[in-house]
Amino acid sequence: PAVNQVEMHPYYAQAELLEYCAREGIVLQAYASLGGQDASRAKMDSLGGDLLECDPAAAIAAKHAVTTAQVLLRWGLQRGAAVIPKTVSDERLAENAGALGVALDAADLAALDALDRGAEGRLCWKSDPLRGLEFD
């Protein structure tokens, strides 16, 4: 495949898959870069809160005078993923594009990387009927 579209954000960083895709020349296209919409409030609280409001992302946003959305999108871009934030608002579209002008430093990236919870951080498609099935 040329592109592998998967959920990826700081709570579900998918580092191994990202490395595999890069090694094989496959573009990893990240959806839910700002966090998923399927998780319950209890689930979000167990992870540290909504990604758009979590302390590390908010602190990094304040440091760079940008929004937390721009920080989260830039994190994905700097890791080598193509991010596809969903919006119907022209204002949000312009805000999201502002992530291209942000540069996160190594400490910023490390702080966001530390939020990774592996499979526990998965926030989307919680009711996927194919989840848990094994294919040959």
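Relevant structure appears above.
The present account deals with the structure reproduced in this document. For clarity, every value in this text was computed on a predicted model and none was experimentally measured.

This part takes up the pattern of salt bridges. Note on pairing: side chains with opposite charge can pair once their charged atoms come close. A complete count under the given rule lists five salt bridges for this structure. Among the ionic pairs, Asp105 bridges to Lys63, the shortest N-O distance being 2.7 Å. A residue pair is termed long-range when its members are at least 10 positions apart, and Asp105 in the loop between α5 (90-97) and α6 (106-113) and Lys63 in helix α3 (residues 55-64) qualify at 42 residues. Look at Asp105 and you get partly exposed, because its relative accessible area is 30%. Residue Asp108 pairs with Lys63 through a salt bridge whose shortest N-O separation is 2.9 Å. Taken together, the positions of Asp108 in helix α6 and Lys63 in helix α3 put the pair 45 residues apart, joining distant regions of the chain.

Note: strands within a sheet are paired through backbone hydrogen bonds, in either parallel or antiparallel orientation. Reading across the sheet, the three strands line up as β1-β2-β3 and stay open at both edges, with parallel pairing between neighbours. Looking at strand neighbours, the two that pair on one side only are β1 (3-7) and β3 (82-83), the edges of this open sheet. Pairing analysis gives five bridges linking β1 to strand β2 (residues 27-31), with the strands arranged parallel. Within β2, the residue paired with Gln5 across the bridge is Gln29.

Cut-off values and rules
- Residues numbered from 1 in each chain as written.
- Predicted model: local features only at pLDDT ≥ 70, side-chain atom pairs only at ≥ 80, totals over all residues.
- Heavy atoms only, no water.
- Salt bridge = Lys/Arg side-chain N within 4 Å of Asp/Glu carboxyl O.
- Helix = DSSP H or I, 4+ residues; strand = E, 2+ residues; numbered from the N terminus.
- Buried < 20%, exposed > 50% of the residue type's maximum accessible area, 1.4 Å probe, protein only.
- Pairing = 2+ DSSP bridges.

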